Amino acid sequence: MSLKIKKGIPLIDQHDKNGMWGGKFGGNFVPETLKKPIEDLEKLFSKLRKDKSFIRERDYYFENYVGAPTPLIKLDNLTDHLGGAQLWAKVVSENPGTAHKVYACIVHCLIAKRAGKRYVCTDTGAGMQGKNLAMVAKKFGLKAKIFMGVRDIERQQKNVIVMKKYGAEVIPVTSGSQTLVDAVSECMRFWVANCQDVHMVIGSTVGPTVFVKISGYSTSQISRELKVQLIEEFGRIPEKLKLLNCVGGGSSAYGFWSEFIDYNKKHVQLIGVEAGGSKKSKLHAAPLSNNSKLGILHGAKAYCIQDNDGQIGETESLSSGLDYPSVSPLHCFLKDTGRAEYTSATDEEALNAYKLVSKLENISPSLEPSHAFATAISLAPKLSKDTILCIDSCGHSLKDSEIIREKLGFYTE
Amino acid sequence: MKSEIQLTFENCKKEKRPVLLTYTVASDPNKKKSLQIINSIAKHADIIELGFPHSTPVGDGGQIQTSSNRAIKNGFKMRDAFQIVNKFKKIYKNKPVILMGYYNMIYQYGENNFLKECKKAGVSGIICVDLPWPENKNFAKKCKKKLINFIQLLAPTTTKDRMKQIIKASHDMVYYISMLSTTGGKLKISPRKILDSYKKIKRINSKKNLVIGFGITDKTIKSLKSADGLVVGSLLCKTITNSLKMRQNPVTKLDKVVYNLKNKIL
């Protein structure tokens, strides 16, 4: 089957009847117990997408709670410093949840309310997903259970404290590598056992098809805003535009790109930056840029770091939010169709990028978007002045203050 | 020709008792011992389920996770599972062995290669936790061609229409998940309620051999003995973990536990 993206249809809807993109990525590889809950959720979500009152409510919270649109700013000092392409940032982290996770959390909580569920559960790596779901669940009167690997609890203490402050229960996950991959597994297990009362929220565009769709549907808000902002700023979509985004599970990247997928790639280039891990280590969390094999993890078929037997491989990244062995089926599809390109940045490159950006500009990207900044910084000097490099600054660095202080010797709040 | 699995059910029916299925993990606690374990418990068990451990078992609770991790840490490779079955079948020629695990392992091995190895080793059936119907249609067909049972699962959340379709697609044996839980959870509904659901499923097609699994222990097994078959897994994995902790031989410990389970359903 030839892989081709259709124009005029959101990418999240370009799957076949088995829930697979290009007949190859995604799907519903789940225990039988979850088939019915997933089918119920699919029905409800497709109904709500056509429901005007639901959309009105969604937009109300996006505007009045998130504060849409988040700013698009030119990074003048960084542009001058690098002397090449113009650098711009969409500061998505300027919202009460300080990350793009807020969009899907709002949509999921609205769905949970309509489904009559009183509990929501989710996985979290960096704690951004957990923090946002805790915050939004509290607003909507839902009880939240957050599954988080013990290793991540240690390195992202700041977010754990916030989650608890919002009244969420944080459940430490001690199995396996004690990071995001295990948190997702444990959250799915909890849903298997409690699917009648609990609405599960997956923190990215991963998992069974409907979760990929809800997540992508929600973060698409980012590129809807960006499109308007670019036209306001330049009078049109700039001729040489490159959109750079970090990719872990891939929800922020999909949301940053969704409105631009139909453009010719010479016009709007999409560049995803995965976590390359430490410079000194062979381990990474970058399945796309390392040509990992197709595998099945957490209900979906996608490129996945694994051994020959199919055991899921160990990953490594300083940024908990990118530290995941697989990636969204949407990005596998974008890669194989050639629409998006994927590269990786190391821990050290991300830290250096953070250092430079926060020194020169009034923004403070977390370690995740710092990976995208790292690639932008290395590209910019080689490009013409009429090239627009736009980076999604999808998370704020406050959660990383301890890691940054340890690695760089300082952190300015 | 009737399958080994079908014959086992027919024989137990004649003896007016349910089929006892045991689940242990291949290479837990190591390759040699896991073979010794199934060689020993097969004196009491009617069907041996052998798990091929996966690093990310989303359907399993703590006990089976612990066993799986132990096996992987001790160097488990897929070919070990086939070798264990092969050796077991040399002693127990007619005792069915069912391999159970997650789809990524089968996918990476290649479906056809996997089935070829199963056939060579003498595997009678396959349970794939995360390959539900209709996702399993193709693979189940391939199994049938090789005269290997693909065992379909039913859950308390499965609708009646879906059950009918799944049972229609099933081979000799169907597995009913007793409750909303991962493996090894505490039985949170009464055995009577489980049997009510069981009977409803049997009414769809009384000829299909229906086994109940999840949450079955030495304490609950007796109350479910009217079923066609009963699966015990987590209790056995837990027994291995405990005997390792106490520096006891898991082989003799498991032998005792399974002997006890069998006595409760005679």
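Up top is the structure these notes are about.
These numbers come from a predicted model, not from an experiment. Per chain, residue numbering runs from 1 following the sequence as it is written. Ligands are numbered from 1 and chains lettered from A, in the order in which they are written. Residues qualify for local features only when their pLDDT is at least 70, as the model is predicted, and side-chain atom pairs are given and counted only at 80 or more; totals for whole chains, interfaces and linings, by contrast, use all residues.

## Examining the overall build of chain A
Counting from the N terminus, the helices are DSSP H or I runs at least four residues long and the strands are E runs at least two residues long. Check the secondary structure of chain A and you find 15 helices and 14 strands. Over its C-alpha atoms chain A spans a radius of gyration of 20 Å, differing by no more than 12% from the 22 Å that the globule rule assigns to 413 residues. In terms of its C-alpha atoms, chain A occupies a principal-axis envelope of roughly 55 × 50 × 45 Å. Any residue whose C-beta has 12 or fewer other C-beta atoms within 10 Å is treated as exposed, any with 20 or more as buried, and any in between as partly exposed, C-beta atoms being built from the backbone. When the 413 residues of chain A are sorted by exposure, 61% land in the buried category. Our contact criterion uses C-beta atoms placed from the backbone: two residues qualify when those atoms are within 7 Å. A separation threshold of at least 6 residues defines the contact pool for chain A, and within that pool the share at least 24 residues apart is 75%. The reference for a compact globule is 2.2 Å times residues^0.38; the radius of gyration itself is calculated from the C-alpha atoms.

## Points about helix α14 (residues 367-379) of chain A
Residue and element names in this part refer to chain A. A helix is expected to span 1.5 Å multiplied by its residue count minus one. Its 13 residues place the ends of α14 19 Å apart at the C-alpha level, agreeing with the 18 Å of an ideal helix rising 1.5 Å per residue. Counting buried positions along α14 yields eleven of 13 residues, so the element is predominantly enclosed. Among all positions of α14, only Leu367, Glu368, Pro369, Ser370, His371, Ala372, Phe373, Ala374, Thr375, Ala376 and Ile377 are buried.

## Some thoughts on the interface of chain B and chain A
Counting residues at the interface gives 30 residues for chain B, matched by 30 residues for chain A. Of all the secondary structure elements, the ones that give two or more residues to the side of chain B that touches chain A are α3 (62-73), α5 (103-109) and β6 (152-154) of chain B. Looking at the side of chain B that touches chain A element by element, the count peaks at five residues for α5 of chain B.

## As for the sheet that holds strand β9 (residues 229-232) of chain B
Residue and element names in this part refer to chain B. If you walk across this open sheet you meet the nine strands as β5-β4-β3-β2-β1-β9-β8-β7-β6, and the pairing is parallel. Pairing within the sheet leaves two strands with one partner each, and these edge strands are β5 (149-150) and β6. Between any two strands, pairing holds if DSSP finds at least two bridges. Strand direction decides the pairing type here: β6 and strand β7 (residues 173-177), joined by three bridges, are parallel. Opposite Leu154, over in β7, you have Tyr176 as the bridge partner. Sheet strands in contact with helix α2 (residues 31-41) are β1 (19-25) and β2 (47-51), and its direction is about 170° off that of β1. Axis definition: a line fitted to C-alpha atoms, limited for helices to the stretch in contact. Angles are taken between N-to-C directions and run from 0 to 180 degrees.

## Details of the sheet that holds strand β14 (residues 388-392) of chain A
Residues and elements named next belong to chain A. Spatially, β3-β4-β14-β9-β10-β13 is the arrangement adopted by the six strands of the open sheet, whose pairing is mixed. Strand pairing shows two members of the sheet lacking a second neighbour, β3 (72-74) and β13 (340-345), which therefore form its edges. For this sheet the average axis-to-axis angle between neighbouring strands, irrespective of direction, equals 25°. Sheet topology places strand β4 (residues 86-90) next to β14; five bridges connect them, and they run parallel. Paired with Ala89 across the bridge in β14 is Ile391.

## Remarks on helix α9 (residues 209-219) of chain A
Here α9 of chain A lies mainly inside the structure; eleven of its eleven residues are buried. Every buried residue belonging to α9 of chain A is among Thr209, Val210, Phe211, Val212, Lys213, Ile214, Ser215, Gly216, Tyr217, Ser218 and Thr219 of chain A, and all of these are buried.

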